[in-house]
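# Fold and contact review
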Amino acid sequence: MRFCVLGSGSKGNATYVEAGGVAILIDAGFSGVEIERRLASLGLAVEKLGAILVSHEHGDHIRGVQALSRRYNLPVLVNRATRVAAGPLLAKIDVWQEIAAGQDCEFRGLHIHPFSVSHDGADTMGFVVSHGGCSLGYCTDTGITSRLMHHRLSGCHGLILECNHDLEMLKNGGYPPQLQQRIRSKDGHLTNTDAARFLVELIHDGLEHVVLAHISETNNTPELALTTVQEHLRLHASASGEPCRFTVSLAHQERVGELIKLIGS
Ligand SMILES: [Zn+2]
Ligand SMILES: [Zn+2]
């Protein structure tokens, strides 16, 4: 399995996943042209995509879905509430497949496990995509973590995990109180510290790579997200006597991430 976060943040999110000769996008929150450009920069052709999997209806996740779907006849895998809530942004899609949280499905040999997260979308989902003993967990846009999310994401070889904001930067930044409240609520976004604690709970021997994603440009910095997570991992390693053997990297808003290969078990 290979994956790449093509870009992540409040201005757009898209992730490329490929396994067993099948490639999909998880979310397409940039324009279709921009996603094509980002794929091309990796030497990947949009024609090779098989489908677009949609987490929720916010524009930073679906901006390019309809254009790509119509241009390349790509099926869109989305739940009913998200499709309705997206209104005109997804209304003109010709091919789509209804999926639902808690119901595993398969797309050309890729196993997809959608699960509910806690966010202010109509029915926001995270995903685990698995193929041939290898699995990737995708979990952004959630205000809190849950036992269900833990259950779903444990055992993944790769993780894309939201590290949205630093609580102090949010409190002391320029966001109006109402917007701060929305971000901090259980239906908002995950803090660096919450993400770091959650990641520590998800550590297992088979974990290979973690990408920190959806980093706020206003209430966080990539360096702060990374150092917060690394500090929690360091404390865990010294307490448990087990060094962390996986790689942690950052997803960026403006540029394409690295193409990461997972070996699996
Ligand atoms: Zn959202
Ligand atoms: Zn988002």
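One structure accompanies this document, and this report is about it. (Residues numbered from 1 in each chain as written. Chains lettered and ligands numbered in written order. Predicted model: local features only at pLDDT ≥ 70, side-chain atom pairs only at ≥ 80, totals over all residues. Heavy atoms only, no water.)

### A look at the packing of aromatic side chains
One pass over the structure, following the stated rule, counts one aromatic pair. Residues F127 and Y138 carry aromatic rings whose centres are separated by 6.5 Å and whose planes lie at 35° to one another, so their mutual orientation is tilted. Linking F127 in strand β9 (residues 125-131) with Y138 in strand β10 (residues 134-139), this pair joins segments that are 11 residues apart in sequence. When sorted by exposure, F127 lands in the same class as Y138, which is buried. The aromatic ring of F30 is capped on one face by R38, whose charged end is 4.2 Å from the ring centroid. (Phe/Tyr/Trp six-rings, centres within 6.5 Å; stacked < 30°, edge-to-face > 60°. Helix = DSSP H or I, 4+ residues; strand = E, 2+ residues; numbered from the N terminus. Buried < 20%, exposed > 50% of the residue type's maximum accessible area, 1.4 Å probe, protein only. Lys NZ or Arg CZ within 6 Å of the ring centre and 35° of its normal.)

### Digging into the environment of E208
Mapped onto the fold, E208 is located in the loop between α8 (192-202) and β12 (209-213). Not counting residues up to four positions away in its chain, the partners in contact with E208 are H157, F246, T247, K261, L262, I263 and G264. (Contact = heavy atoms within 4.5 Å.)

### A word on the pattern of salt bridges
It is possible for side chains of opposite charge to pair when their charged atoms get near one another. The full count for this structure, using the stated rule, is 13 salt bridges. Salt-bridge contacts for E217 lead to K11; the nearest nitrogen and oxygen are separated by 3.0 Å. Here K11 lies in the loop between β1 (2-7) and β2 (14-19) and E217 lies in the loop between β12 and α9 (222-240), a separation of 206 residues in the sequence. The partly exposed category is assigned to K11, whose relative accessible area is 48%. E98 is the partner of R80 in a salt bridge, and the nearest nitrogen-oxygen pair spans 2.8 Å. In this pair, R80 sits in helix α4 (residues 80-86) while E98 sits in strand β6 (residues 96-98), placing the two residues 18 residues apart along the sequence. Residue E98 is classed as partly exposed on the basis of its relative accessible area of 39%. Shared partners join several salt bridges into a network, and the residues in it are E34, R37 and R38. (Salt bridge = Lys/Arg side-chain N within 4 Å of Asp/Glu carboxyl O.)

### Digging into the coordination of the zinc ion (ligand 1)
Protein coordination of the zinc ion (ligand 1) is provided by H56 (NE2), H58 (ND1), H119 (NE2) and D141 (OD), with donor distances spanning 2.2 to 2.5 Å. Geometry at the zinc ion (ligand 1) is irregular, judged from its four donor atoms and the angles of 89 to 174° they form at the metal. Mapping the donors of the zinc ion (ligand 1) onto the primary sequence yields the spacing H-x1-H-x60-H-x21-D. In this structure, the zinc ion (ligand 1) is positioned 3.5 Å from the zinc ion (ligand 2), and both are ligated by D141. Taken together, the positions of H56 in the loop between β4 (49-53) and α2 (59-62) and H119 in the loop between β8 (110-116) and β9 put the pair 63 residues apart, joining distant regions of the chain. Both residues of the pair, H56 and H119, count as buried. (Donors = N, O, S within 2.8 Å, 3.2 Å for Na, K, Ca; no water. Tetrahedral: all angles 85-135°; square planar, octahedral: opposite > 155°, others 65-115°.)

### A look at the sheet that holds strand β5 (residues 76-78)
One open sheet holds the seven strands; their spatial order is β6-β5-β4-β3-β2-β1-β14, and the pairing between them is mixed. Looking at which strands have only one partner, the edges of the open sheet turn out to be β6 and β14 (260-261). Where β4 and β5 come together, two bridges link them in parallel fashion. Opposite L53, over in β5, you have L77 as the bridge partner. Each of β1, β2, β3 (22-28) and β4 touches helix α1 (residues 32-40); the most contacted strand, β1, lies at about 135° to it. (Pairing = 2+ DSSP bridges. Axes fitted to C-alpha atoms, helices over the stretch in contact; angles between N-to-C directions.)

### Here's the deal with the layout of surface pockets
Each pocket or cavity is described by its volume, and for the largest pocket that value is around 270 Å³. Every residue lining the largest pocket is counted, 19 residues in all, and those nearest its centre are S10, R182, I183, H189 and H214. The leading source of residues in the lining of the largest pocket is helix α7 (residues 177-184), at three residues. Across the lining of the largest pocket, the residue classes tally to four nonpolar, 10 polar and five charged. Size it by volume and the second largest pocket reaches roughly 190 Å³. In this structure, the second largest pocket is lined by I203, H204, D205, L207, E208, H236, E242, P243, C244, R245 and F246. Tallied by class, the residues present in the lining of the second largest pocket amount to five nonpolar, two polar and four charged. (1 Å grid on protein atoms, 1.4 Å probe; cavity = no way out; pocket = protein on both sides within 12 Å on 5 of 7 lines; lining within 4 Å. Points joined across faces, edges and corners; volume = space filled by probe spheres on them. Nonpolar A, V, L, I, M, F, W, Y, C, P; charged D, E, K, R; others polar.)

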